[in-house]
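# Examination of the molecular architecture
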Amino acid sequence: MVTSVTKICSSLFRFREPFLQYCSIRIISSIPTLEESVRAAVEAKKYQQIPDLLIASKESCQNPNPFSFLSTFPQHLRIKIIDEILQSFIPVRPRYRCHVAYSFLLSYTLQSPDPFPLALAIIQRTLRSGCIPVPQTQLFLSNAWLHRQHQSQSVSNLLLEMQSIGYNPDTGTCNYLISSLCAVDRLTDAVNVLNGMSGVGCVPNLESYSAVIGAMCAVRRTTGAAEKMKEMVEKIGLTPRQETVVKVVAAMRRNKDIRRAVDLIEFLQKAGFPVGFESYELGVEGCLECGEFILAGKVVMRMTERGFIPYIRARQKVFEGLVSVGEQELASAVRQKFVELKS
């Protein structure tokens, strides 16, 4: 009798494990995936649930994209749904709650066959919410933009396509496009966007010019950098940032194009825009490296008029250089300036 009970218990125990595994599988399979949850929210038009679904899910950093199901819808309906999602996110607080949702929407759209103009609308809403698209967005955006450009579509036409879905291009969206193109070394295309901004009602700002000028300096395209800086001052009336001026002068110094650097400093000075100490110092050092002692002396005189004094080593080299080329009068004037400023 005892043996029979033992056998029965043993059989039940062996049956228990696969039964529990079966139950676990059934329970797990009944839990909707993230994509299914997002789809249910979309179909119920409960769009404001989407950010919390994405934040709470451990699947959010895995493939597939939770918005992949949108590919099963006709294009006009897909655009309508994404627009409704974007509009529903506007009142959500804190605004960063929507960051993950924006990222997935943008990733899905940029990797679709026809990403524009919807991708630009998502970027605009992302930026206006105070969020920044994830870094890989710049590569996807640039590739998609260049693909459309190769189809002979102008910058203005591409940007104005946003109006067909109820949006308008703005400076922030253009700036992000410019910085994305600069990030993948498509400088000419970035300049084209900058030049085309005014044609779609967007006024370039410091961010627009700083991105392009900085990228030009990185590849030593100093002529173009100087032209853009003069353009932003004369045509747009912007005051260039000191760090941007420093970048241009430093790039010109590396190119041994020091006369152009000095001309740029003089242009900004005459236009009434302040030039900082670092730009002057780079100009002086560049002149000394090129053996332009007279030019170095003139830059030093301009520096002292603003209350700046070069570093002691540069002061000594300027004075000695002027004497060596027979410019005793300028050398004396420079030394007198140093004395007056109690150097």
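So, here's what we can say about the structure. Model, not experiment: these values are computed from the prediction. Counting of residues starts from 1 at the beginning of each chain's written sequence and follows it residue by residue. Local features in a predicted model are, by the rule used here, given only for residues with pLDDT of at least 70; side-chain atom pairs are given and counted only at 80 or more, and totals for whole chains, interfaces and linings are based on all residues. Computation of side-chain values: all heavy atoms of the structure, hydrogens and water removed.

### Some remarks on the side chain of Ser-180
Within the secondary structure layout, Ser-180 lies in helix 9 (residues 171–183). Working definition: with a 1.4 Å probe on protein chains only, accessible area under 20% of the residue-type maximum means buried, over 50% means exposed, and in between means partly exposed. For Ser-180, a relative accessible area of 0% translates into the label buried. Among the polar contacts listed, one links the side chain of Ser-180 to the backbone oxygen of Tyr-176, at a separation of 2.8 Å. Apart from the residues within four sequence positions on either side, Ser-180 is in contact with Gln-138, Leu-141 and Ser-142. Elements are defined by DSSP. Helices are runs of H or I of four residues or more, strands are runs of E of two residues or more, and each kind is numbered from the N terminus. In protein, a polar contact requires one atom able to donate a hydrogen and another able to accept it; more generally it is a pair of N or O atoms within 3.5 Å, and residues adjacent in sequence count only if both atoms are side-chain atoms. Any pair of residues with heavy atoms lying within 4.5 Å of one another is described as a contacting pair.

### Points about the packing of helix 12 (residues 222–234) against helix 13 (residues 242–254)
Whenever a helix is involved, its axis is fitted only over the stretch in contact; in every case the axis is a line through C-alpha atoms, and angles between N-to-C directions fall within 0 to 180 degrees. With their axes 10 Å apart at the nearest point, helix 12 and helix 13 run at an angle of 150 degrees to one another. It follows from the interaxial angle that helix 12 and helix 13 lie roughly antiparallel. As for the relative orientation of helix 12 and helix 13, their crossing is left-handed in sense. Two secondary-structure elements touch here, helix 12 through Thr-222, Ala-225, Ala-226 and Met-229 and helix 13 through Thr-244, Val-245, Val-248, Ala-251 and Met-252. Polar here means any residue outside two lists: the nonpolar Ala, Val, Leu, Ile, Met, Phe, Trp, Tyr, Cys and Pro, and the charged Asp, Glu, Lys and Arg; Gly therefore counts as polar. For the contact of helix 12 with helix 13, the per-class residue count stands at seven nonpolar, two polar and no charged. For classification, angles of less than 35 degrees are called roughly parallel, those exceeding 145 degrees roughly antiparallel, those between 65 and 115 degrees roughly perpendicular, and all remaining angles oblique. In this scheme the handedness of a crossing depends on how the near helix is turned from the far one: anticlockwise by less than a right angle means left-handed, clockwise means right-handed.

### Digging into the packing of aromatic side chains
Each Phe, Tyr or Trp ring, with Trp reduced to its six-membered ring, pairs with another whose centre is within 6.5 Å; inter-plane angles below 30 degrees give stacked pairs, above 60 give edge-to-face pairs, and intermediate values give tilted ones. Under the counting rule described, the total for this entry stands at six aromatic pairs. The interplanar angle of 90 degrees and the centroid separation of 5.8 Å between the aromatic rings of Phe-116 and Trp-145 together place this pair among those described as edge-to-face. Taken together, the residues span a long stretch of sequence, with Phe-116 in the loop between helix 5 (99–110) and helix 6 (118–128) and Trp-145 in helix 7 (residues 137–149) at a distance of 29 residues. Given a relative accessible area of 3%, Phe-116 falls into the buried group. Plain terms: the ring middles of Tyr-280 and Phe-308 are 6.0 Å apart, the flat faces sit at 55 degrees to each other, and that makes the pair tilted. Taken together, the residues span a long stretch of sequence, with Tyr-280 in helix 15 (residues 277–289) and Phe-308 in the loop between helix 16 (293–305) and helix 17 (312–324) at a distance of 28 residues. Classification of Tyr-280 by relative accessible area gives buried; the value is 0%.

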